[in-house]
Amino acid sequence: MKFYLAPLEGITGYIYRNAQHDFFGAGIDKYFMPFLAPHTKRSFNAKEKNDILPEHNAGMYAVPQILTNSAADFLRIEKDLGAFGYRELNINLGCPSGTVVSKGRGAGFLASPEKLDQFLEEIFSKTEVKISLKTRIGMEEPEEFFRLLEIYNKYPLEELIVHPRVQKELYRGTPHYETFRYAMEHSKNPLCYNGDLVSVDSYVNLLTDWEKEQACDRAKVTSVMVGRGVLKDPALIEKLAAYASGEAYGTDAKKKLPAFHDRLVADYGKEFSGDQNVLFKMKELWSYLIVRFPGKEKEAKAIRKAKRLEEYQAAVRRVFSE
Ligand SMILES: Cc1cc2nc3c(=O)[nH]c(=O)nc-3n(C[C@H](O)[C@H](O)[C@H](O)COP(=O)(O)O)c2cc1C
């Protein structure tokens, strides 16, 4: 089994990815980058360029993700990214946000299967790189996935990454595990499971579930992707990979957290001018990380309310001092 870090726009930019890689990178086979939406006039803005520069992704296998419904735009950005050395790209067919969906992109593209088919046909007839898709299972109903999978089966995908929720569910509710099992029966491409993996137990439950169904082809699932679970426990993929290779995984991950945290603060500090941007990034991360610190609600509130970096750091120290 391979383990991937999910793209999380606004969070898993290159600063986060590098800290993750240096502190808790063991077992992470691929780092998917938050989406790039092709521009019409120039290739990349400064923020995007920072994210894709090879020196900002050194030592890790990073995969850029493209959000578009235009084959011409995709092929253009493929060339631009090729100049930076990227030979594998991912296409975003899952973003549920209203502004993206209303333009027929991300999960919004799933509402037009025939157009999606034409888009993939044009791309696969011309591309020179490996391509994977990251897809939801539909816009409104899981049954939409049957038609979508027929389309995906026509193309030689590097892998089909399935987040088994429909657009209207956003990130809520239980994933449609049965629809993923349908993919295990019928996909012609290797599969990657994504959604709600938050612990080794949740991974084991998933495997057990697949074993129970005779029709499920376990061998077809070659990878799993983890997003919010890693934000809550940065060592989660290390633990999953250790479990998968039969090693002990109850590591002292919590001990590394303060240094991981300080590295992020320092690197965001270098990237942004002013404390406010650093605080914004770190507070967003704490909205996930805090679940690892039960009983620290007062400190969590102090983190949320902090207006200056010193106040913030003092509250963080109180969380870490157990
Ligand atoms: C804040 C946030 C940003 C996200 N950004 C992206 C993105 O840029 N591209 C993408 O394909 N998915 C994005 N996702 C979806 C995640 O990659 C992932 O599919 C989803 O969170 C489910 O996996 P999880 O339960 O392991 O987090 C985002 C999700 C969140 C919560």
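In case you missed it, the structure is sitting above this.
What counts as what
- Residues numbered from 1 in each chain as written.
- Predicted model: local features only at pLDDT ≥ 70, side-chain atom pairs only at ≥ 80, totals over all residues.
- Heavy atoms only, no water.
- Salt bridge = Lys/Arg side-chain N within 4 Å of Asp/Glu carboxyl O.
- Helix = DSSP H or I, 4+ residues; strand = E, 2+ residues; numbered from the N terminus.
- Buried < 20%, exposed > 50% of the residue type's maximum accessible area, 1.4 Å probe, protein only.
- Contact = heavy atoms within 4.5 Å.
- Expected span 1.5 Å × (residues − 1).
- Arc of directions from axis to C-beta.
- 1 Å grid on protein atoms, 1.4 Å probe; cavity = no way out; pocket = protein on both sides within 12 Å on 5 of 7 lines; lining within 4 Å.
- Points joined across faces, edges and corners; volume = space filled by probe spheres on them.
- Nonpolar A, V, L, I, M, F, W, Y, C, P; charged D, E, K, R; others polar.
- Domains from an automatic or database assignment.
- Pairing = 2+ DSSP bridges.
- Axes fitted to C-alpha atoms, helices over the stretch in contact; angles between N-to-C directions.
- Near = heavy atom within 4 Å.
- Polar contact = N/O pair within 3.5 Å; in protein donor to acceptor, adjacent residues only side chain to side chain.
- Areas by Shrake-Rupley, 256 points an atom, 1.4 Å probe, with all protein chains shown as cover.
- Sits in = over half its atoms within 2 Å of the grid points.

(A) Representation of the pattern of salt bridges. This structure, assessed with the given rule, holds 23 salt bridges. A salt bridge links Asp-196 to Arg-165, with the nearest nitrogen and oxygen atoms 2.8 Å apart. Taken together, the residues Asp-196 in the loop between strand 7 (191-194) and helix 8 (200-212) and Arg-165 in the loop between strand 6 (160-162) and helix 7 (177-186) connect sequence positions 31 residues apart. Since its relative accessible area comes to 30%, Asp-196 is described here as partly exposed. For Glu-238, the salt bridge is made with Lys-256, and the minimal N-O distance between the two is 3.7 Å.

(B) Focus on the environment of Glu-78. Along the chain, the position of Glu-78 falls in helix 3 (residues 71-82). As for Glu-78 and Thr-127, which are separated by 49 residues in sequence, their C-alpha atoms are 7.9 Å apart. Contacts of Glu-78, omitting those with residues within four sequence positions, involve Leu-89, Thr-127, Glu-128 and Val-129.

(C) Summary view of helix 5 (residues 113-126). For helix 5, built from 14 residues, the straight-helix expectation of 20 Å at 1.5 Å per residue is met to within 8% by its first-to-last C-alpha distance of 20 Å. Residues of helix 5 that are buried: Leu-116, Asp-117, Phe-119, Leu-120, Ile-123 and Phe-124. Axial view of helix 5: buried residues confined to an arc of 165°, hence all on one face. For helix 5, the exposed residues lying more than 90 degrees away from the buried face are Lys-115, Gln-118 and Ser-125. Packed against the buried residues of helix 5 are helix 3, strand 4 (88-93), strand 5 (130-135) and helix 6 (144-152).

(D) Highlighting empty space enclosed by the protein. This model, assessed by the stated rule, comprises 1 cavity of 30 Å³ or more. Its volume calculated, the largest cavity comes out at about 40 Å³. If you trace the largest cavity, you find it lined by Gly-10, Ile-11, Tyr-16, Tyr-268, Lys-281, Glu-284 and Leu-285. With 3 residues, the top contributor of residues to the lining of the largest cavity is helix 12 (residues 275-289). Looking at the lining of the largest cavity residue by residue, the class counts come to 4 nonpolar, 1 polar and 2 charged. Both domain 1 (2-244) and domain 2 (253-320) contribute no fewer than three residues apiece to the lining of the largest cavity.

(E) Up close: the sheet that holds strand 4. Ordered in space as 1-2-3-4-5-6-7-8, the 8 strands form a closed barrel in which the pairing is parallel. Averaged over neighbouring strand pairs, the angle between their axes works out to 25° when direction is ignored. Contacting strand 6, strand 7 and strand 8 (221-226), helix 7 runs over the sheet at an angle of about 170° to strand 7.

(F) How the structure looks around the site of the ligand. Every one of the 18 residues lining the ligand counts as a neighbour, but Pro-7, Gln-65, Asn-194, Asp-196 and Arg-228 are closest to it. Gln-65 is positioned such that a nitrogen or oxygen atom in its side chain is 2.7 Å from an oxygen atom of the ligand. Asp-196 is positioned such that a nitrogen or oxygen atom in its backbone is 2.7 Å from an oxygen atom of the ligand. A total of 610 Å² of accessible area belongs to the ligand in isolation, and the protein chains cover 90% of it. Among the detected pockets, the ligand sits in the largest pocket. Here the shell around the ligand is composed, by residue class, of 8 nonpolar, 6 polar and 4 charged.

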